[in-house]
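Residues per chain are reported as follows:
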Amino acid sequence: MPEPAMGALAGPVSLSSARPWLNRERLINGLLLMALFASPFIAQAVGETYYINLASRIAIVAMAAVGLNLAIGYGGMISFGHAAFFGLGGYVAGISAFHAFDMSLLLSWPITLGGSDFMPGIWLAAMVLCALLALVIGAISLRTSGVYFIMITLAFAQMLYYFAVSWPSYGGDDGLPIYLRNQFPGLNTNDPLTYFLICFVALGLSLALCARLMRSRFGAALTMARLNETRLATAGISPFPIRLVAFVLSAVITGVAGALFADLNGFVGPSMLSWHRSGEIMVIVILGGVGRLYGPVAGAILFVLMETLLGGVTEYWMLFLGLVLLGVVLFARGGLMGLLAGRARHE
Amino acid sequence: MAPVTKSVRTRASAKPTWETEMLRIAGLETFYGPSQALFGVDLDVAAGEMVALMGRNGMGKTTTIRSLFGLTPAARGTVEFESRDVRRLPAYRIARLGLGLVPEGRRCFPNLSVRENLQATARAGEWGLARVERLFPRLAERATQSARTLSGGEQQMLAIGRALMTNPRLLVLDEATEGLAPVIRKEIWVAIRTLKEQGQSTLIVDKTLSELLPVVDRCIILEKGLTAWRGLPSELDDTIRDRYLGV
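What you are looking at is a predicted structure, and each value in this text was computed from that prediction instead of being measured.

A. Here's a closer look at the overall build of chain A. Scanning chain A from terminus to terminus reveals 13 helices and 4 strands. A globule of 347 residues ought to have a C-alpha radius of gyration of about 20 Å, and chain A, at 20 Å, matches this closely. Each principal axis of the C-alpha atoms in chain A carries an extent, and together these give about 60 × 55 × 40 Å. Within the span of chain A, comprising 347 residues, buried residues form 53% of the whole. In chain A, the proportion of contacts linking residues at least 24 apart, taken out of those at least 6 apart, comes to 74%. Separation of charge centres in chain A, based on 17 positive and 14 negative side chains, amounts to 19 Å.

Given below as C-alpha cells:
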C-alpha cells in the first residue's frame, strides 16, 4: 500500500525505480532540484562563472520563499513583512563581518563581543535574532487577521527599514559592504561553486524541515488552524500558539536566507528590508504555487531567470513579470507547481 | 408552563445528586447581534447519561451548543461543567476541560488524511487510534486517504472519531445522522449505542426519534429558545410530539 504520509523527500528522486511513491509531483520536484543543482556545474564547464552566482541567487531567494510559504501557504498567515527577517539576517552577516574586518567591538556592554566571520555562528545569531523579532511581531500581529495582519506585518518591516536608513554607524541609506566573504571552516567560500553548494544544502535543509514539519501532528494542527480555527478550538487546541510557532520558524528560515544573500552580494543595505523585497518573496511564492513544498523553488527559478534575461533587454521587465503573475493568478491557480504537477494531494 | 414542572418532578427522584452532575445550563440567553435566539434554556446532563436535545428547526438547539462551547457567547445564564463556570472561557479552554463536539454537517478537514484528522487533536486517555478504529472499522481501511475522498457517512464517522480522540468526558453530537444513506445511518446508530453501553456521557441532537428514543435516558425539548418540556423518553407521548416536534 502506498504510504503518502511518508511525504516528499528533500533529495532528488531516482527515475529508474518507478516505485509507487514516485508520482508526478515528486518527479517534478526532483527535476527542479536536479536542474538547479546541475546548472552551476554546467556553467563552470563552459566557463560562464557568472551563472554560478545566478544559481546561488536562485537557491537563496527560493529558501527565503520556502520560509514565507510556511507562513502563507501552510499557516494562512499572509505576511507582507518578511523582508524584516530577510534584512535582519543580512545585517547580522554584514555587521558581524564589518567588526571582524576592522577588529572593532560589536558590543562593549554588558559583555564584550567582537565581530566574527565564522559563518555557522553568524547563521545561528541570525536565527536567534529573527526568532526573537518574529516572536514580538507575531505575538502582536497574530491577534488580527486578514487585511489587518497584512498591514501590521508591513508596518513592522517598514519600521525596521527606516531604522536601518537612519542608523549611520552601519552605512545608513548607503548600506554596508562586506569586503571579505565570511568563512566556513574547511571550505573556500570565495569559490563561487563552493558557495553555491552551501546555499543549495541550506535550501535542501529548509525544504526537509518544512516537509517533516507538515507531516507531523503540528503540521496537521497548523493546517486545521488555516482551514477552520473554530473546529480546532472545539477540539481543545488554541490556534494562536501553533500559528506563532509556525510564524517564528518561517522567519528563521527567511533570516538565514538573508544572511546568505548578504554574503553572496558582499553587501547589505536597507533595500533588503524594504517592502519591495517582501513583495518579491511573496510573488515568488504565488508564482510557484502557494502551499506547495517545491513551489518556492519553481517560483524562484522563474523569477530570477525573468529578472536576468528580461532585465537585460528592457528596464521595464517588471511589466512582463506582472503579466506573468496575472496569467498565473487567472489561469493557473495552483501556480507553476499546479501547472506542472497537477493539483496537490490534499487539495 | 405545566409540563415542565410536572416532568421535572417525576424525574426528581432519579435525578443525579450534584456530585455526579456533569453539565448544568440554566437560564441561558444568547443573542446573534441584536436578535435574541435563546430566552432561557435549562439543561443538565449527569455522568454516564445520554440526553436528547430536541425541538423543531430554529428553536435553538445548535445555538445552545454554540453557547456551551463559547462559540456564540451567552449574554446571561449559567453554564457549568463539572461545577465549574465555563461561560467566559475561550472555546479551546472549554474543550480542554473535557467537552468534545461533533458539529453539524460532518466537519472534518478535507486536506488532511484520515489518520491526520484523528491524531492532530488527540489527547491522552482511554480513546486512542486502535479503539476508534474498532468502533469504525471503515476508518482503519481508509487511514491514509485524504478525508476529501471519503463518503458523507465516512466523514461523519471521522468527525465522531476525531471528537472521541480528544477523550471528552461529555460528547456533544449535533445531527450526527442527518442526510446520510440508511445503511450508514444504521452503522452510526450502532456506534452511538456502543458509546451508551460504555457509559459515555453524551448530549445528542437528532431527528430520527425511532432510533433516538430507545437509546437516551432523558429528553429535553426546546421551543422558541426556551426549555419547553423535559422528561423520560417513555413520557414523550403523541400529544407532546405533535405539540413540540411536529411529527
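B. Structural detail: the layout of surface pockets. Residue and element names in this part refer to chain A. Estimates place the volume of the second largest pocket at around 600 Å³. What lines the second largest pocket is a set of 21 residues, and nearest its centre among them are Leu88, Tyr91, Val92, Ile95 and Leu129. Elements represented by at least two residues in the lining of the second largest pocket include exactly α3 (83-102), β2 (113-114), α4 (119-141) and α5 (147-165). Residues of the lining of the second largest pocket, tallied by class, amount to 16 nonpolar, 5 polar and no charged.

C. Molecular detail of the side chain of A:Ser250. Residues and elements named next belong to chain A. Here Ser250 is to be found in helix α9 (residues 239-265). Taking relative accessible area as the criterion, Ser250 reaches 0% and is therefore assigned buried. At 2.6 Å, the side chain of Ser250 forms a polar contact with the side chain of His82. For Ser250, the residues in contact, after removing those within four places along its chain, are Gly67, Leu68, Leu70, Ala71 and His82.

D. Region of the structure containing the nonpolar core. Formed by 112 residues in total, the largest nonpolar core has its most connected members in A:Ile60, A:Leu203 and A:Leu260. The element contributing the most residues to this core is helix α2 (residues 50-74) of chain A, with 17 residues. In this structure A:Leu203 touches A:Leu36, A:Ala59, A:Ala62, A:Met63, A:Val66 and A:Val297, once residues within four positions along its chain are discounted. Grouped together as the second largest cluster of nonpolar side chains are 47 residues, B:Met54, B:Val114, B:Ile192 and B:Val215 included.

E. Spatial organisation of the pairing of strand β2 (residues 35-46) of chain B. All names here are of chain B. Relative to β2, strand β1 (residues 21-32) runs antiparallel, the two sharing 9 bridges. Residue pairing in the sheet places Glu21 in a bridge with Ala46 of β2. If you look at the hairpin formed by β1 and β2, you'll find 2 residues sitting between the two strands, and Gly33 has a positive phi there, around 60°.

F. Just the interface of chain B and chain A, in detail. Each partner contributes to the interface: chain B provides 29 residues, whereas chain A provides 26 residues. Across the chain B to chain A interface the summed buried area is about 2,200 Å²; carbon plus sulfur atoms make up 61%. Its largest share of buried area at the contact with chain A, chain B owes to B:Phe109, B:Asn111 and B:Thr144, together 28% of the area lost on that side. Across the contact surface, chain B and chain A share 0 salt bridges. In this structure, the connection of chain B to chain A is made through 6 residue pairs in polar contact (both at pLDDT 80 or more). At the level of elements, α3 (91-96), β6 (99-102) and α4 (114-120) of chain B are the ones that each hand at least two residues to the side of chain B that touches chain A. Across the side of chain B that touches chain A, the residue classes break down as 14 nonpolar, 8 polar and 7 charged.

G. Fine view of helix α7 (residues 152-165) of chain B. Residue and element names in this part refer to chain B. Here α7 contains 14 residues, and its C-alpha end-to-end distance of 20 Å stays within 8% of the 20 Å for a straight helix at 1.5 Å per residue. By the criterion of burial, α7 is predominantly enclosed, with 13 of the 14 residues buried. Within two residues after α7, Asn167 carries a phi angle of roughly 50°, on the positive side.

H. Inspection of empty space enclosed by the protein at higher detail. Here the structure, examined in full by the defined rule, presents 3 cavities of 30 Å³ or more. Taken as a whole, the second largest cavity encloses approximately 50 Å³ of empty space. Taken together, A:Arg231, A:Thr234, A:Ala235, B:Leu101, B:Pro103, B:Arg162 and B:Ala163 make up the full set of residues lining the second largest cavity. Class assignment of the residues belonging to the lining of the second largest cavity gives a composition of 4 nonpolar, 1 polar and 2 charged.

I. Geometry of the side chain of A:Ser278. All names here are of chain A. Residue placement: Ser278 occurs in helix α10 (residues 275-288). On the accessibility criterion, Ser278 (1% relative accessible area) is buried. Setting aside its immediate chain neighbours within four residues, Ser278 contacts Phe80, Gly81, His82 and Ala83.

J. Geometry of the pairing of strand β9 (residues 218-223) of chain B. Residues and elements named next belong to chain B. Of all the 6 residues making up β9, 6 are buried; the element is thus mostly covered by neighbouring parts of the structure. Side chains Arg218, Ile220 and Leu222 of β9 all project onto a buried face; the interleaved residues Cys219, Ile221 and Glu223 project onto the opposite face, where all are buried too. Here β9 pairs with strand β10 (residues 226-231) via 5 bridges, running antiparallel. Within β10, the residue paired with Cys219 across the bridge is Gly231. Linking β9 back to β10 in an antiparallel pair, the connection comprises 2 residues, with Lys224 at a positive phi of about 50°.

Definitions and limits used
Residues numbered from 1 in each chain as written. Chains lettered and ligands numbered in written order. Predicted model: local features only at pLDDT ≥ 70, side-chain atom pairs only at ≥ 80, totals over all residues. Heavy atoms only, no water. Helix = DSSP H or I, 4+ residues; strand = E, 2+ residues; numbered from the N terminus. Rg over C-alpha atoms; globule rule 2.2 N^0.38 Å. Buried < 20%, exposed > 50% of the residue type's maximum accessible area, 1.4 Å probe, protein only. Contact = heavy atoms within 4.5 Å. Lys, Arg positive; Asp, Glu negative; His and termini not counted. Charge placed at Lys NZ, Arg CZ, Asp CG, Glu CD. 1 Å grid on protein atoms, 1.4 Å probe; cavity = no way out; pocket = protein on both sides within 12 Å on 5 of 7 lines; lining within 4 Å. Points joined across faces, edges and corners; volume = space filled by probe spheres on them. Nonpolar A, V, L, I, M, F, W, Y, C, P; charged D, E, K, R; others polar. Polar contact = N/O pair within 3.5 Å; in protein donor to acceptor, adjacent residues only side chain to side chain. Core = buried A, V, L, I, M, F, W, Y, C linked by side-chain atoms within 4.5 Å. Pairing = 2+ DSSP bridges. Buried area = accessible area lost by both parts, 1.4 Å probe. Salt bridge = Lys/Arg side-chain N within 4 Å of Asp/Glu carboxyl O. Expected span 1.5 Å × (residues − 1).

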